[in-house]
Amino acid sequence: MITIRKMTIMTAPPIPYSPSVETVEPDEAETIADLVATMRKISETTFRDGGHALRSVHAKSHGLLQGELRVLDGLPSELAQGMFARPATYPVVLRFSTNPGDILDDSITVPRGLAIKVVGVEGERLPGSEGAATQDFVMVNAPAFAAPTVKKFLGNLKLLAATTDQPQILKKVISTVLRGAESVVETFGGESAALKTMGGHPQTHPLGETFHTQTPYRYGANIAKLSVAPVSAEMTALTGDKLATSGQPNVLRESIVDFFGTQSGTWEVRVQLQTDAEAMPIEDASVPWPEDKSPYVTVARITVPAQPAWSDTRSHAVDDGLAFSPWHGLAAHRPLGSINRARKPAYEMSAGYRAEHNGCPIHEPDAGIKLPG
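Just so you know, these numbers come straight off a predicted model, no measurement behind them.

Draft legend 1. Here's a closer look at the nonpolar core. Membership of the largest hydrophobic core comes to 42 residues, with the highest contact counts inside it found for Leu69, Phe84, Leu94 and Trp267. Looking at which element gives the most residues to this core, the answer is strand 9 (residues 297–304), with 5 residues. Those residues in contact with leucine 69 that sit more than four places away from it in its chain are Met83, Ala88, Thr89, Tyr90, Val92, Val118, Val269, Ala300, Arg301 and Ile302. Residues Leu35, Ala147, Tyr347 and Tyr353 belong to the second largest nonpolar core, which totals 21 residues.

Take a look at the structure:
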């Protein structure tokens with residue numbers, strides 16, 4: 001049995017969207033160009049080492065799923081916006097991943113990602129996605145981004161790029177040490193995004209995780225962050241469940257394959273509207289928006305039936321044949337803030353590099369999409 005999360009009254013009305021909510025830094029174009037070059041360097045390194053072009057970030061997939069997203073009926077006007085404006089059911093593709101740009105053993109524990117592609121969404125498009133009918137959301141299992149701005153993120157990415165060629169045995173040792181440090185931090189009620197990003201993430205089951213856009217989006221007339229949370233009992237039972245990663249290089253993938261081999265899963269799509277510009281900033285992605293000012297409220301449900309959750313043929317279709325970007329979508333869900341402004345050229349470069357070097361055209365699917373077994 002699944003219970004839809006009840007709507008909670010906000011402490012203030014939502015802040016209306018306006019182009020003026022974004023503030024571009026004076027040297028932002030140069031910073032973004034440097035970031036794109038750094039991401040290309042990661043792709044060139046992994047291609048040279050493995051002979052196959054990978055994503056510059058979130059290279060390793062663990063679950064590739066197909067299901068449906070159903071927008072709920074009876075949403076209040078502030079939530080009935082964009083693709084959620086009216087009840088509808090859409091095909092959806094989900095890609096679970098981890099954040100490095102190289103393929104690592106799962107004993108190197110890093111943050112988990114979830115990319116969602118909703119298919120058959122009609123409406124005014126974002127620049128660069130004209131002619132398509134998809135809406136992508138790119139999420140990570142933490143409520144805020146590891147860096148406040150694109151300039152700070154560039155420093156983190158350069159550190160990641162410098163470690164791309166390091167031996168896995170060294171990364172495993174570092175990950176073990178960082179997990180221990182993160183455990184100590186959490187014992188005293190804290191949490192370190194930096195420790196988790198560099199390899200100190202807890203060894204938890206990915207299907208028990210809640211994923212967040214971390215960055216804000218336009219939400220029709222308003223502004224919001226989104227999250228996807230497991231709600232079916234079989235998946236919520238996995239929240240915080242530890243996996244034994246030692247000696248099991250693909251245990252995350254195997255755990256998802258085992259689950260969906262016999263069971264279905266359900267998530268809620270939730271929206272957190274911006275109600276306080278100071279406490280819920282647009283340009284500082286590292287700040288979690290306080291839920292006591294604006295709680296996450298359910299607007300849709302994703303259901304995935306039992307299926308083969310990963311295979312070589314499915315990986316070819318999704319990992320090589322599809323690209324996920326917050327800039328694939330409706331103008332009503334425009335990504336906001338410097339991290340998102342950087343993502344547009346960075347993701348376009350990554351997709352183009354993969355298409356060119358793998359000889360596999362990347363396309364946006366239509367409503368008849370059917371993933372191979």
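There is more to say after this.
Draft legend 2. Representation of the confidence of the model for the protein in the model. Confidence in the prediction of the protein, expressed as mean pLDDT, is 89, and 88% of residues score 70 or more. Taken together, the stretch residues 1–6 has pLDDT below 50 and engages in 14 contacts with residues farther than four places along the chain or on a different chain.

Draft legend 3. The environment of alanine 306, seen in detail. With respect to the secondary-structure elements, alanine 306 resides in the loop between strand 9 and helix 7 (312–320). By relative accessible area, which is 43% here, alanine 306 ends up partly exposed. Sequence separation between alanine 306 and leucine 65 is 241 residues; the distance between their C-alpha atoms is 9.3 Å. When sequence neighbours within four positions are dropped, the list of residues in contact with alanine 306 reads Phe260, Gly261, Thr262, Gln263 and Ser264.

Draft legend 4. The packing of aromatic side chains, seen in detail. Under the definition given, this model contains 8 aromatic pairs. Taking the centre distance of 6.3 Å and the plane angle of 90 degrees together, the rings of phenylalanine 47 and tyrosine 353 count as edge-to-face. Taken together, the residues phenylalanine 47 in helix 1 (residues 28–50) and tyrosine 353 in helix 8 (residues 338–358) connect sequence positions 306 residues apart. Of the residues examined, phenylalanine 47 reaches a relative accessible area of 24% and is grouped as partly exposed. Measuring from centroid to centroid gives 6.3 Å for phenylalanine 260 and tryptophan 267, while their planes differ by 25 degrees, and the two rings are stacked. Its relative accessible area of 0% is what places tryptophan 267 among the buried residues. Taken together, Phe96, Phe211, Phe259, Phe260 and Trp267 form an aromatic cluster joined through their ring pairs.

Draft legend 5. Broad picture of helix 8. Under the 1.5 Å per step criterion, the end-to-end length of helix 8 is 30 Å for 21 residues, consistent within 8% with the ideal 30 Å. Along helix 8, the largest kink reaches about 30 degrees and is centred on lysine 344; proline proline 345 follows within four residues of it. Count one or two residues on from helix 8 and you reach glycine 359, which has phi positive near 65 degrees.

Draft legend 6. Representation of unusual backbone geometry within the structure. Positive phi is not limited to glycine here, since histidine 58 has a value of about 55 degrees. If you trace the backbone, histidine 58 turns up in the loop between helix 1 and strand 1 (60–71). The class of histidine 58 is buried, set by a relative accessible area of 15%. Phi angles above zero are rare outside glycine, and glutamine 214 is one such case at about 65 degrees. Structurally, the position occupied by glutamine 214 is in the loop between strand 5 (211–212) and strand 6 (217–219). Classification of glutamine 214 by relative accessible area gives buried; the value is 4%.

The rules behind these values
- Residues numbered from 1 in each chain as written.
- Predicted model: local features only at pLDDT ≥ 70, side-chain atom pairs only at ≥ 80, totals over all residues.
- Heavy atoms only, no water.
- Core = buried A, V, L, I, M, F, W, Y, C linked by side-chain atoms within 4.5 Å.
- Buried < 20%, exposed > 50% of the residue type's maximum accessible area, 1.4 Å probe, protein only.
- Helix = DSSP H or I, 4+ residues; strand = E, 2+ residues; numbered from the N terminus.
- Contact = heavy atoms within 4.5 Å.
- pLDDT = per-residue confidence, 0-100.
- Phe/Tyr/Trp six-rings, centres within 6.5 Å; stacked < 30°, edge-to-face > 60°.
- Expected span 1.5 Å × (residues − 1).
- Bend = angle between axes of the 7 residues up to and from the residue.

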